[in-house]
2 protein chains.
Amino acid sequence: MGTTQLESVPEPKYWHLKTVLSEALDSEFSVGEILPNERDLAARFGVARATLRQALEQLELEGRLQRRRGVGTTVAPPRVGVAVGTEQHAWPGTATDAWQLADSALEVPPAAVAAALETGAEDTVHIVRRSRMTHGQPVAAELLYVPQSSVPELSAIDAPSGTARARAVLRELQRLELEGQDSAVELGSARADDAKQLDRLPGAPVLVVTTRFFAGGRTAALSVATYRADTCRLTFGDSGGVEIHQQPERQAS
Amino acid sequence: MGTTQLESVPEPKYWHLKTVLSEALDSEFSVGEILPNERDLAARFGVARATLRQALEQLELEGRLQRRRGVGTTVAPPRVGVAVGTEQHAWPGTATDAWQLADSALEVPPAAVAAALETGAEDTVHIVRRSRMTHGQPVAAELLYVPQSSVPELSAIDAPSGTARARAVLRELQRLELEGQDSAVELGSARADDAKQLDRLPGAPVLVVTTRFFAGGRTAALSVATYRADTCRLTFGDSGGVEIHQQPERQAS
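Residues numbered from 1 in each chain as written. Chains lettered and ligands numbered in written order. Predicted model: local features only at pLDDT ≥ 70, side-chain atom pairs only at ≥ 80, totals over all residues. Heavy atoms only, no water.

Looking at an unreviewed UniProt entry, chain A carries the name GntR family transcriptional regulator, with the source organism given as Streptomyces aquilus.

**Student:** Explain the overall build of chain A here, please?
**Tutor:** Tallying secondary structure elements over chain A gives 8 helices and 10 strands in all. Classification of the 253 residues of chain A by burial places 53% in the buried group. Long-range contacts, defined here as pairs at least 24 residues apart, represent 64% of the contacts in chain A between residues at least 6 apart. Only carbon and sulfur atoms are counted for the fraction: they give 50% of the accessible area of chain A, which is about 11,100 Å². (Helix = DSSP H or I, 4+ residues; strand = E, 2+ residues; numbered from the N terminus. Buried < 20%, exposed > 50% of the residue type's maximum accessible area, 1.4 Å probe, protein only. Contact = heavy atoms within 4.5 Å. Areas by Shrake-Rupley, 256 points an atom, 1.4 Å probe, with all protein chains shown as cover.)

**Student:** In this structure, what is going on with helix 6 (residues 163-173) of chain B? I would like to understand it.
**Tutor:** One full turn of an α-helix is made of 3.6 residues, so residues set three or four places apart face in the same direction. Taken together, the buried positions of helix 6 of chain B are Arg165, Ala166, Ala168, Val169, Leu170, Glu172 and Leu173 of chain B. Its buried side turned inward, helix 6 of chain B meets strand 4 (99-107), strand 5 (125-134), strand 6 (137-146) and strand 9 (218-228) of chain B.

**Student:** What should I look at first to understand the pairing of strand 5 of chain B in this one?
**Tutor:** Taken residue by residue, a regular strand's side chains alternate between the two faces of the sheet. Residues and elements named next belong to chain B. Here strand 5 lies mainly inside the structure; 9 of its 10 residues are buried. Examined bridge by bridge, strand 4 and strand 5 share 8 bridges and lie antiparallel to one another. Directly across from Leu101, in strand 5, lies its bridge partner Arg130. Connecting the antiparallel pair strand 5 and strand 6 is a turn made up of 2 residues, with His135 showing a positive phi of about 50 degrees. (Pairing = 2+ DSSP bridges.)

**Student:** Help me understand helix 4 (residues 49-61) of chain A, please; the structure alone is not making it clear to me.
**Tutor:** Over its 13 residues, helix 4 of chain A runs 18 Å from end to end, which matches the ideal 18 Å to within 8%, given 1.5 Å per residue. For helix 4 of chain A, every residue scored as buried is listed here: Thr51, Leu52, Ala55, Leu56, Gln58, Leu59, Glu60 and Leu61 of chain A. Each element contacted by the buried residues of helix 4 of chain A is listed here: helix 2 (13-28), helix 3 (38-45) and strand 1 (65-68) of chain A together with strand 7 (180-189) and strand 8 (205-215) of chain B. Two residues or fewer past helix 4 of chain A, Gly63 of chain A is found with a positive phi of approximately 80 degrees. (Expected span 1.5 Å × (residues − 1).)

Right under this line is the structure:
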């Protein structure tokens, strides 16, 4: 903290520009407003366009700007708090759940998923695809992997895929006694199909939340959920769905 | 999932290259190995250097590659699981805590922090700086904001700053009864001082974890912790410090 330490750190030019731009956003622009084009901005701040672009990328990373094809660069609204963990553990698809079912199919999962679920490398598992909306915007896409051994009664169901089948998989899963769950969050880039669901380009930064659901002493289901990193902050803990409003990191810079 | 859906999505060229490169990393390179230079790689895969760079950026985002000045691009080891939330809530600085104290000072916090702590805009608060190491590598830098009203007995202490003062602030804080805590995770870019602590350049992607500690019916302390997004996956939930080994997102792409 403090200016002394800051001054001892060599700051790249784009970093200084980012700070200046950030202040300009606060004082001169409102949410949703379109920024001047890169050439005009570069001229105004007396920097090369490459430097400007780096600074804009930083601000996009921090959720201050949104860049959309055909629209340009706009001032982003504050990130939305999305609850991803609460004290109460629950199976996917239970009442308080914010997810919408898309479809379900029986497929061979990626090797890492098979390892986590302790299924054979060539075994098919149920893959339920869900999406999550907040304020009418898609915020997350999820693949839920359920080994056939977790839902042994499901074989009687006729529908080969679709929402009805997805619902049936979750209903069967909920019969098991949930013993616990844990989650991990990491930075990733959106796969092509997730990107489409999230209204982003493939490769956009996302927060990947991997959740293991434990039942019968093993991992009974595994969820890989991809959240838009530009619009979401993920909340964990006591307050559940309560949004944390302050964004100290943004203003501390 | 499935090739049908994937094929219906237009894939940018760098995205396809990323997939090809990712497979090459799996089959031809080992962790820590230095990649050929950009010119050679671009020639090998028959792409423009701009396309190659975009693909390398994606792989860096996903934690597969590390780019370091003076070394070049190396194959990254798997991300390290770092526990950031457990079922047991605890004040910062208690026994099981993985943080090292750096220093402490009395300063005016950023406006958003002041709002969260309900201190006046010009009021100084105790700011404790800590760092977190895993396997000898710095993984996180933290600023812990503690209003003076949370540690009323502290005024008697002489040391104006430094580790001893930081320890005293935490000791006083631990006298309060912790009523609960919650956390939020979002994508950010490293501030200059955090970047230095984390051995990264300013602006590097980081995961920012904001934790509120509740006592006496209000927010008694606020932590803003900045984790390296390239090397960390943050774990929450039952298993506490247990690392989640699989990385489904990486291999699902």
